[in-house]
Amino acid sequence: MTESPTLTTLLEVLTKDRLVDLGRRFEVAVRSSDTKADQIASLQRAPSLGVASLIPTLGRDELRTACRRLGLRDSGRSRAELANRLVATFEDDVAEPFTPA
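(A) How the structure looks around the overall build of the protein chain. A tally of helices and strands in the protein chain yields 6 helices and 0 strands. Ordering the α and β elements of the protein chain from the N terminus gives α-α-α-α-α-α. Of all 101 residues assigned to the protein chain, the portion counted as buried reaches 40%. Long-range contacts, defined here as pairs at least 24 residues apart, represent 43% of the contacts in the protein chain between residues at least 6 apart. Surface summary for the protein chain: the accessible area is close to 5800 Å², and the carbon and sulfur share equals 48%.

(B) Quick peek at the nonpolar core. In terms of nonpolar packing, the biggest core is built from 28 residues, with Leu-10, Leu-11, Leu-43, Leu-54, Ile-55 and Leu-86 touching the most fellow members. Within the residue set of this core, elements represented by two or more residues are α1 (7–12), α2 (16–25), α3 (36–44), α4 (51–54), α5 (60–69) and α6 (79–89). When residues of this core are assigned to their parent elements, the largest contribution, 4 residues, is made by α6. In this structure Leu-86 touches Leu-10, Ile-55, Leu-63, Ala-66, Cys-67, Leu-70 and Leu-72, once residues within four positions along its chain are discounted.

What counts as what
- Residues numbered from 1 in each chain as written.
- Predicted model: local features only at pLDDT ≥ 70, side-chain atom pairs only at ≥ 80, totals over all residues.
- Heavy atoms only, no water.
- Helix = DSSP H or I, 4+ residues; strand = E, 2+ residues; numbered from the N terminus.
- Buried < 20%, exposed > 50% of the residue type's maximum accessible area, 1.4 Å probe, protein only.
- Contact = heavy atoms within 4.5 Å.
- Areas by Shrake-Rupley, 256 points an atom, 1.4 Å probe, with all protein chains shown as cover.
- Core = buried A, V, L, I, M, F, W, Y, C linked by side-chain atoms within 4.5 Å.

In short, shape yes, function no, at least from these values alone.
Next up, the structure:
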């Protein structure tokens, strides 16, 4: 089943531990004891977190899972290839293609 591309959709594919890590990265209080839905809600309130800032932080397996969730091809070995598929889906929210650091 495919879903509409939203920040929530991207966050939902991540584990609770990963959401806590993102909270640290984006300076948002995300407690490990919170439900996943509450963790996602906390992250969504972060002014610095958006699709454009999230996609580059995702690992290859996370990108593949996000692509599958959105009904996109998940084949490919490079993070850049997978990230650019997501960027194309979120074209209004992400101005530039992904380039790995």
